[in-house]
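Understanding the architecture of this molecule
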Amino acid sequence: MIASYRALIGEPGRLAFLVPGALGRLPMAMRSLGAVLLVQGYTDSFAQAGIVGGVLTVVSAVASPRLGQLADRRSHRLVLFAALAAQALATIALILLAAGGSSIVPLIVAAAVYGASGMPFPSISRAIWSAQLGRGPALERAFSIESVFDQVAFIIGPFLAILLSVEVHPAAGVIGALLMTLVATVG
């Protein structure tokens, strides 16, 4: 059984999308918590932090399937880089607004853009697997690998967000998520 997984991953070009796809999942698990810790760290308001985190999460849940759909229709690369640009601007805006003691409305707008720009790397990775393998046992194994990556990301991601935001700087969690998104997008 292990040999079949090793053969699947060992095919030429597989790691070229597998590794960035795995790395791109971490920011998905970091963004909301990182934003909550960012806002709370600068404003000392759990209420504002909770509102920002809630808006980011809801908008991300609504926008993520749409981004995946757009990537399938247009171009994965085009959508990835456009989402990365929007996410970079939203990250900077959210940091500056929180650090400047902004009112809740601008923070909500920045959180909404931040949430809407979170690229669904798992969807893109699964689409690539499907295109390469078609239906069958190999695709089922590939999706098993994808599921493991999802679970690992949602175990490690929040830990990284907390570690960076609490031990380094309130903005470090969202900056770390942005840097991982950048590396995964380029990859």
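Structural notes, computed from the coordinates.

**Section: the overall build of the chain**
When helices and strands are counted, the chain shows eight helices and zero strands. What you see for the chain is a C-alpha radius of gyration of 17 Å, in line with the 16 Å of a compact globule of 187 residues. By principal-axis analysis of the C-alpha atoms, the chain measures approximately 55 × 35 × 25 Å. Within the span of the chain, comprising 187 residues, buried residues form 40% of the whole. Pairs at least 24 residues apart make up 79% of the contacts formed inside the chain by residues separated by at least 6 positions. Separation between the mean location of the 11 positive side-chain charges and that of the 7 negative ones in the chain comes to 10 Å.

**So, the pattern of salt bridges**
Inspection of every chain in the model, using the stated rule, returns three salt bridges. One salt bridge in this structure joins R25 and D150, with 2.5 Å as the shortest N-O distance. Of this pair, R25 sits in helix 2 (residues 14-43) while D150 sits in helix 7 (residues 137-168), placing them 125 residues apart in sequence. Each member of the pair R25 and D150 is classed as buried.

**A word on the packing of helix 2 against helix 8 (residues 172-186)**
Angle between the axes and distance between the axes are the two parameters that describe a pair of packed helices. The geometry of helix 2 relative to helix 8 is characterised by a closest axis approach of 8 Å and an angle of 160 degrees between their N-to-C directions. With respect to their mutual orientation, helix 2 and helix 8 come out roughly antiparallel. Along this stretch, helix 2 crosses helix 8, giving a crossing that reads as left-handed. For the pair helix 2 and helix 8, the contacting residues are P20, L23, G24, L26, P27, M30, R31, G34, A35 and L38 in the first and G173, V174, G176, A177, M180, T181, V183 and A184 in the second. Class assignment for the residues of the contact of helix 2 with helix 8 results in twelve nonpolar, five polar and one charged.

Calculation notes
- Residues numbered from 1 in each chain as written.
- Predicted model: local features only at pLDDT ≥ 70, side-chain atom pairs only at ≥ 80, totals over all residues.
- Heavy atoms only, no water.
- Helix = DSSP H or I, 4+ residues; strand = E, 2+ residues; numbered from the N terminus.
- Rg over C-alpha atoms; globule rule 2.2 N^0.38 Å.
- Buried < 20%, exposed > 50% of the residue type's maximum accessible area, 1.4 Å probe, protein only.
- Contact = heavy atoms within 4.5 Å.
- Lys, Arg positive; Asp, Glu negative; His and termini not counted.
- Charge placed at Lys NZ, Arg CZ, Asp CG, Glu CD.
- Salt bridge = Lys/Arg side-chain N within 4 Å of Asp/Glu carboxyl O.
- Axes fitted to C-alpha atoms, helices over the stretch in contact; angles between N-to-C directions.
- Parallel < 35°, antiparallel > 145°, perpendicular 65-115°, else oblique.
- Left-handed = near helix turned anticlockwise from the far one by under 90°.
- Nonpolar A, V, L, I, M, F, W, Y, C, P; charged D, E, K, R; others polar.

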